[in-house]
Amino acid sequence: MTDRLPHEKGFHVSWDQLHRDSRALAWRLDGRGPGEDGAWKAVVAITRGGMAPAMIAARELGIRTVDTISVKSYEHQNQSGAKVLKAPDAEMMGDGTGILVVDDLVDTGRTLELVRELYPNAHFATVYAKPMGNKQVDTYVTEVSQDTWIFFPWDMALQYVEPYRGKD
Ligand SMILES: O=P(O)(O)OC[C@H]1O[C@H](OP(=O)(O)OP(=O)(O)O)[C@H](O)[C@@H]1O
Ligand SMILES: Nc1nc2[nH]cnc2c(=O)[nH]1
Ligand SMILES: [Mg+2]
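Reading the values: rules and limits
- Residues numbered from 1 in each chain as written.
- Chains lettered and ligands numbered in written order.
- Predicted model: local features only at pLDDT ≥ 70, side-chain atom pairs only at ≥ 80, totals over all residues.
- Heavy atoms only, no water.
- Salt bridge = Lys/Arg side-chain N within 4 Å of Asp/Glu carboxyl O.
- Helix = DSSP H or I, 4+ residues; strand = E, 2+ residues; numbered from the N terminus.
- Buried < 20%, exposed > 50% of the residue type's maximum accessible area, 1.4 Å probe, protein only.
- Pairing = 2+ DSSP bridges.
- Axes fitted to C-alpha atoms, helices over the stretch in contact; angles between N-to-C directions.
- Contact = heavy atoms within 4.5 Å.
- Core = buried A, V, L, I, M, F, W, Y, C linked by side-chain atoms within 4.5 Å.
- Phe/Tyr/Trp six-rings, centres within 6.5 Å; stacked < 30°, edge-to-face > 60°.

Novice: Would you explain the pattern of salt bridges in this entry?
Specialist: A side chain with one charge can pair with a side chain of the opposite charge if their charged atoms come near. On inspection of all chains with the given rule, the structure shows eight salt bridges. Here R23 and E60 are joined by a salt bridge, their closest N and O atoms 3.1 Å apart. Placement of R23 in helix α1 (residues 15-29) and of E60 in helix α2 (residues 51-61) is noted, with a sequence separation of 37 residues between them. D138 is the partner of R116 in a salt bridge, and the nearest nitrogen-oxygen pair spans 3.1 Å. Of the two residues, R116 is situated in helix α4 (residues 110-118) and D138 in the loop between β6 (123-129) and β7 (139-143); the sequence distance between them amounts to 22 residues. The class of D138 is partly exposed, set by a relative accessible area of 38%.

Pasting the structure below:
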C-alpha cells in the first residue's frame, strides 16, 4: 500500500510458530467473553489470513460457531477504500457483543477499523501487530516494528541454499 513504510526487515513465521502464537492468543482470551463463565458467542475470522489463527483459537476455547468476513482494501486516495465482500450472519453478529473477531495481523489498522465500525462491541484479536494499527486491536500476542514485513507459512516454501563456502 502506498502509505506503508518500506519494509526493511522480514519476520518469518513457521507453521509451528503460528500455532504456538495463536494458542497463546486464545489463552489470553479465555474467560474474557460476556457470557456465563466468560464464554464467547462465536469466532469470526477476517479472511483469508485470519482463518488459521481463528480455527486454532476456536479449538482452544471450545467454540463451534465460526463465521467469516471478507474485506477487500483498495489503494485509493480516500479513506473509504475498503469494502466488505462477504459479511457474517447478521442475526448472530448484532452489534458484535460476545463476538471474537480474529485476524493474523494488524498493519495500518484500516481493515480492523472498517470491521469495528460495523460491529463496535466485538472483541478484536490479532496474533501480530504493528504500531500504526495496534490501537485498533483489543488483544494481540507479538508486536513487530512498522518497517517489518511478516511472512506467513502459507506464503513460503522450503528452498535449497548453497553452503556458506560454496559447492565442493
Ligand atoms: O491493518 P491493515 O493495513 O488493513 O492490514 C492488515 C490486513 O492485511 C492482510 O490481509 P490482506 O488484505 O493482504 O488479505 P489476505 O488476508 O486475504 O491475505 C492481513 O491478513 C490483514 O487482514
Ligand atoms: N503477509 C503480510 N501481509 C500483510 N498485510 C499488511 N501487512 C502485512 C505483512 O506484514 N505481512
Ligand atoms: Mg487479511
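Continuing now.
Novice: Hey, could you run me through the sheet that holds strand β3 (residues 66-73) in this one?
Specialist: Pairing between the strands of a sheet is mediated by backbone hydrogen bonds and can be parallel or antiparallel. Judged by pairing direction, the sheet is mixed, and its six strands sit side by side in the order β4-β3-β2-β5-β6-β7 without closing on themselves. Edge positions in the sheet fall to β4 (82-86) and β7, since each has one partner strand and no second. On average, adjacent strands in this sheet sit at an angle of 25 degrees to one another, irrespective of strand direction. Bridge count for strand β5 (residues 99-106) against β6 is six bridges, and the pairing is parallel. By the bridge assignment for β6, L100 is matched with H123. Taken strand by strand, α2 contacts β2 (42-47), β3, β5 and β6, and its axis lies near 165 degrees from that of β2.

Novice: I'm lost on α4 in this one. Help?
Specialist: In an α-helix, one turn spans 3.6 residues; hence positions three or four apart end up facing the same way. What α4 keeps buried is the set R110, L112, L114 and V115. Those residues of α4 hidden inside the fold are in contact with β2, β3, β4, β5 and β6.

Novice: Help me out: how do you make sense of the nonpolar core in this one?
Specialist: Among soluble globular proteins, nonpolar side chains are generally buried collectively. Counting 24 residues, the largest nonpolar core has L29, V43, L61, L100 and Y128 as the members making the most contacts within it. Elements that contribute at least two residues to this core include exactly α1, β2, α2, β5 and β6. When residues no more than four places from it in sequence are discounted, the contact partners of L61 are A26, L29, D30, W40 and L100. I46, Y119, F124 and A129 belong to the second largest nonpolar core, which has 19 residues in total.

Novice: Just to check I follow, could you spell out the packing of aromatic side chains for this structure?
Specialist: In this description, an aromatic ring pair is defined by two values, namely the gap between the centres and the angle between the planes. Under the criterion given, the structure shown has four aromatic pairs. Relative to Y128, the ring of F11 lies with its centre 5.7 Å away and its plane at 70 degrees, an arrangement referred to as edge-to-face. Placement of the pair is F11 in strand β1 (residues 9-12) and Y128 in strand β6, with a sequence separation of 117 residues. On the basis of an interplanar angle of 45 degrees and a centroid distance of 6.1 Å, the ring pair of Y128 and F152 is categorised as tilted. In this pair, Y128 sits in strand β6 while F152 sits in the segment after β8 (148-151), placing the two residues 24 residues apart along the sequence. In this pair, the class of Y128 matches that of F152, namely buried. By the ring-pair criterion, three or more aromatic residues cluster together here, those being F11, W15, Y128, F152 and W154.

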